[in-house]
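One-letter residues, chain by chain:
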Amino acid sequence: CTAAMGSVAGLPASRFVASHFAVMVKSAYVLTAGATVVTRALGYETTKEELGGIQIHDTSGIVDNFAEDEEDALHQIQRFLSYLPDNYMNLATPIQSNDKVNRIEKDLASIIPVNRRKAYNMRKLLNLVVDKDSFFEMSKFYGPSLITGLARLNGHSVGILANDCMYYAGAMTSDASLKVRKFVDFVNTFNIPVLSFVDEPGFMIGPDSEREGTIRHGTAAISSLMQSIVPWASIIVRKVYGVAGAAHFAPDSYTLSWPSAESGALPVEGGVAIAFKKEIENSENPEEKRKELEDLLSKRSSSFPRAENFSVHELIDPIETRPKLIS
């Protein structure tokens, strides 16, 4: 099932294609050609499951969400459309929220581990900030290091963009870059404000990442975001490093920072290894010297200097995030 939303009059074809929402029933198949045609043309045996089953499309990006059956698929489409305006020239109509504007969630104060190497549940964080039970995730299994979806904030529709540190520490992969680009086109087509929860270590590195053209897709995503015209709020919850960090801030973003945030050109560990390689190798105790330098630079990447030099609008207590965003 596919939802093609809004009036198409005057809407560029690229935007219209990017603004579809596709749901695949788990018993269904999506494929360009069937097994018989593939065998005839390419000379090897295969099955329709291997060509277009859910095990293929959970990571292909062809399908946004999966459904247990047709009823579930239609329910997801109905919910998806409930966040959107009737057409792309209008704004989404707010609904009456049963959630409190000044709801304070104390769990936000401790959700980011003190140990920088430990992971946490970003989806739990999101649900503590947006209206209760309003988060609707899309494309969960494609480009999983980034989370995209829709939610409500005091009854208003908002787009959600967030890093998931459970996958590659939240790094920007080639698939995640394409996911961001589609998301940005979507929210701009339907005039949906965005909340971006930032925990970005940078572009994914390594030979596989290079072969996949991560930097090409990543810079295209950033270029798309720099042309965004919808209201945009970014909350730096843990880290923002490198060029990939720019994929979380639109022009004139309202930027908040938690005390747990850190930033820089490179993550501290990688930066120390590159910039101080000779100094570490020539020291009497290389491991101790490396740790000394990492601790020093960790303090310099703190969120407090960023707030002091106006790199962010406000440094806030995490429990204030919801009321600050609503105001």
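Here is what the cut-offs are and how they apply
- Residues numbered from 1 in each chain as written.
- Predicted model: local features only at pLDDT ≥ 70, side-chain atom pairs only at ≥ 80, totals over all residues.
- Heavy atoms only, no water.
- Phe/Tyr/Trp six-rings, centres within 6.5 Å; stacked < 30°, edge-to-face > 60°.
- Helix = DSSP H or I, 4+ residues; strand = E, 2+ residues; numbered from the N terminus.
- Buried < 20%, exposed > 50% of the residue type's maximum accessible area, 1.4 Å probe, protein only.
- Contact = heavy atoms within 4.5 Å.
- Pairing = 2+ DSSP bridges.
- Axes fitted to C-alpha atoms, helices over the stretch in contact; angles between N-to-C directions.
- Parallel < 35°, antiparallel > 145°, perpendicular 65-115°, else oblique.
- Left-handed = near helix turned anticlockwise from the far one by under 90°.
- Salt bridge = Lys/Arg side-chain N within 4 Å of Asp/Glu carboxyl O.

Draft legend 1. Molecular detail of the packing of aromatic side chains. On inspection of all chains with the given rule, the structure shows 7 aromatic pairs. Between F21 and F80, the aromatic rings sit 4.3 Å apart at their centres with planes inclined by 20°, giving stacked as the arrangement. Separated by 59 residues along the polypeptide, F21 in strand 2 (residues 20-25) and F80 in helix 5 (residues 70-82) bring together distant segments of the chain. Residue F21 is classed as buried on the basis of its relative accessible area, which comes to 0%. Measuring from ring centre to ring centre gives 6.5 Å for F80 and F136, while their planes differ by 45°; the resulting arrangement is tilted. One end of the pair, F80, is in helix 5; the other, F136, is in strand 4 (residues 136-138), with 56 residues separating them in the sequence. On the basis of relative accessible area, F80 is assigned to the buried category, the value being 1%.

Draft legend 2. Inspection of the environment of I95 at higher detail. One can find I95 in the loop between helix 5 and helix 6 (122-129). When the C-alpha positions of I95 and S157 are compared, they lie 8.7 Å apart, and in sequence the two are 62 residues distant. Apart from residues lying up to four places away in sequence, I95 is in contact with R152, N154 and G155.

Draft legend 3. Representation of the pairing of strand 2 within the structure. Taken across its 6 residues, strand 2 has 5 buried, putting it largely inside the fold. Sheet topology note: the strand 2/strand 3 (residues 65-67) ladder contains 3 bridges and is parallel. Bridged to M24 within strand 3 is F66.

Draft legend 4. View of the packing of helix 7 (residues 174-189) against helix 9 (residues 214-226). Where helix 7 contacts helix 9, the axes come no closer than 8 Å and their chain directions differ by 20°. Between helix 7 and helix 9, the angle is such that the two are roughly parallel. The way helix 7 lies across helix 9 gives a crossing that is left-handed. Each of S174, S177, L178, V180, R181, V184 and D185 in helix 7 lies in contact with helix 9, whose residues at this interface are T214, H217, G218, A220, A221, S224 and L225.

Draft legend 5. Here's a closer look at the pattern of salt bridges. One pass over the structure, following the stated rule, counts 11 salt bridges. Salt-bridge contacts for R123 lead to D164; the nearest nitrogen and oxygen are separated by 2.9 Å. Of this pair, R123 sits in helix 6 while D164 sits in the loop between strand 6 (156-163) and helix 7, placing them 41 residues apart in sequence. You can call D164 buried: its relative accessible area is 2%. With a closest N to O distance of 2.7 Å, D199 and K239 form a salt bridge. Residue D199 is found in strand 7 (residues 194-200), and its partner K239 is found in strand 8 (residues 232-241); the two are separated by 40 residues along the sequence. Accessibility assignment for this pair places D199 and K239 in one class, buried. Salt bridges here are not isolated pairs; linked through shared partners, they connect D99, R103, E105, D131 and R322.

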